Amino acid sequence: MSGVDLPVGSNGEAGLDGDNVARLVAATKTFGEGDAAVTALNNATIGFRRRQFTAVMGPSGSGKSTLMYCQSGLDRLTSGHAYIGDVDVSTLNDQQLSVLRRSKLGFIFQSFHLVPALSARENITLPVDLNPDAEVDEDFLAELAGVLGIENRLQNLPSQLSGGQRQRVAVARAMIPRPDVIFADEPTGALDSKTSGELLAYLRQAVDDLGQTIVMVTHDAVAASHCDRVVYVQDGHLVDEAMNPTVDDVLDKIRELS
Ligand code: ADP
Ligand code: MG
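Residues numbered from 1 in each chain as written. Chains lettered and ligands numbered in written order. Predicted model: local features only at pLDDT ≥ 70, side-chain atom pairs only at ≥ 80, totals over all residues. Heavy atoms only, no water.

Engineer: Sorry if this is basic, but what is going on with the site of ligand 1 here?
Structural biologist: For ligand 1, the full set of nearby residues is Phe-31, Val-38, Ala-40, Pro-59, Ser-60, Gly-61, Ser-62, Gly-63, Lys-64, Ser-65 and Thr-66. Gly-61 is positioned such that a nitrogen or oxygen atom in its backbone is 2.7 Å from an oxygen atom of ligand 1. Contact between ligand 1 and Thr-66: an oxygen atom at 2.6 Å from a side-chain N or O atom of the residue. Considering ligand 1 on its own, with 560 Å² of exposed area, one finds that the protein chains cover 58% of that surface. Only β2 (38-49) and α2 (64-71) provide two or more residues apiece to the shell around ligand 1. Taken together, the residues of the shell around ligand 1 sort by class into four nonpolar, six polar and one charged. (Near = heavy atom within 4 Å. Polar contact = N/O pair within 3.5 Å; in protein donor to acceptor, adjacent residues only side chain to side chain. Areas by Shrake-Rupley, 256 points an atom, 1.4 Å probe, with all protein chains shown as cover. Helix = DSSP H or I, 4+ residues; strand = E, 2+ residues; numbered from the N terminus. Nonpolar A, V, L, I, M, F, W, Y, C, P; charged D, E, K, R; others polar.)

Okay, structure coming up:
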């Protein structure tokens, strides 16, 4: 891997718990020091299973983004462990972390972060193009573009695409390296309900038809109702979880927590 080897297997059983593709163990993250210290994540332990679509919910400031950032190696824990497969992210240096992110993880953010000067196709293949050891799987790209309905827009610049098409490009970009897990932080946060519904349907399809694993931070009960599992975070702790949540289940729980 570009001369950078990940210590695969070095944490064996501790990291791989059943079929979890990502796992936090006794994860604590503190920002700042002394009186100004904020514990955003407080001794949290949680696993995310393969081929599952999980929503992470909780009040604003409860630690959802911190959980996602530390789980995915975008930020480092103060103590505890974050595993991707059986690799302990906490043990990786910055170079190894970037290899891990590029080869095993996909990200979808609220603003989608497309590169304006690159075509839709170039934006989608960017993570693969940046990886000297990977090649674009043209058949998979065609399949993704077809599933997402952007097969005729691949040569267009982001400025020539609708908001909905831009988000589909971002979904395809997250999926093209066939990541072990996709992390999405409030991906529907800036979208109207129709576009939001479309994005959720694409993510659902990615899980059901392509076996993708997705962890999505959201404050939207409708978004959570598209998921297989919802976990609730409060004060940096995991306080509850449920399978196959309905909108009403989620709204009730949110009311209880706030
Ligand atoms: P959520 O995504 O649930 O809204 P966050 O994970 O962003 O919550 O934040 C959890 C807590 O950590 C909040 O109190 C927030 O102010 C604090 N926090 C997050 N990032 C930083 C940072 N870089 N520096 C200082 N405090 C932070
Ligand atoms: Mg957040």
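Engineer: Where do I start with the nonpolar core in this structure?
Structural biologist: Soluble globular proteins tend to bury their nonpolar side chains together. In this structure, Ile-108, Ile-124, Leu-203 and Met-216 are the most contacted members of the largest nonpolar core, which totals 43 residues. With residues near it in sequence (within four places) discarded, Met-216 still touches Phe-53, Thr-54, Ala-55, Val-56, Ala-184, Pro-187, Leu-200, Leu-203, Ala-223 and Cys-227. By size, the runner-up hydrophobic cluster in this structure holds 28 residues, among which are Ala-27, Leu-41, Met-68 and Leu-100. (Core = buried A, V, L, I, M, F, W, Y, C linked by side-chain atoms within 4.5 Å. Buried < 20%, exposed > 50% of the residue type's maximum accessible area, 1.4 Å probe, protein only. Contact = heavy atoms within 4.5 Å.)

Engineer: It is not clear to me how the side chain of Arg-229 should be interpreted in this structure. Could you clarify?
Structural biologist: Residue placement: Arg-229 occurs in strand β9 (residues 229-234). For Arg-229, a relative accessible area of 8% corresponds to the buried category. Here the side chain of Arg-229 touches Glu-241 through a polar contact of 2.7 Å, side chain to side chain. Apart from residues lying up to four places away in sequence, Arg-229 is in contact with Ile-46, Gly-47, Phe-48, Gln-52, Phe-53, Thr-54, Ala-55, Glu-241, Ala-242, Met-243, Asn-244 and Pro-245.

Engineer: Just checking my understanding: could you explain the side chain of Ser-72 for this structure?
Structural biologist: Locating Ser-72 in the fold gives a position in the loop between α2 and β4 (79-84). Ser-72 gets classed as buried once you look at its relative accessible area, which sits at 0%. Polar contacts involving the side chain of Ser-72 include one to the main-chain carbonyl oxygen of Tyr-69, which spans 3.3 Å. In this structure Ser-72 touches Arg-101, Leu-105, Phe-107 and Phe-183, once residues within four positions along its chain are discounted.

Engineer: What is the right way to read the environment of Met-57 from this model?
Structural biologist: Structurally, Met-57 can be placed in strand β3 (residues 53-57). Among the residues examined, Met-57 registers a relative accessible area of 1% and is labelled buried. Along the backbone, Met-57 and Thr-218 are 161 residues apart, and their C-alpha atoms lie at a distance of 5.7 Å. Once residues within four sequence positions are removed from consideration, Met-57 is found in contact with Lys-64, Thr-218, His-219, Asp-220, Ala-221, Ala-224, Val-230, Val-231, Tyr-232, Val-233, Val-250 and Ile-254.

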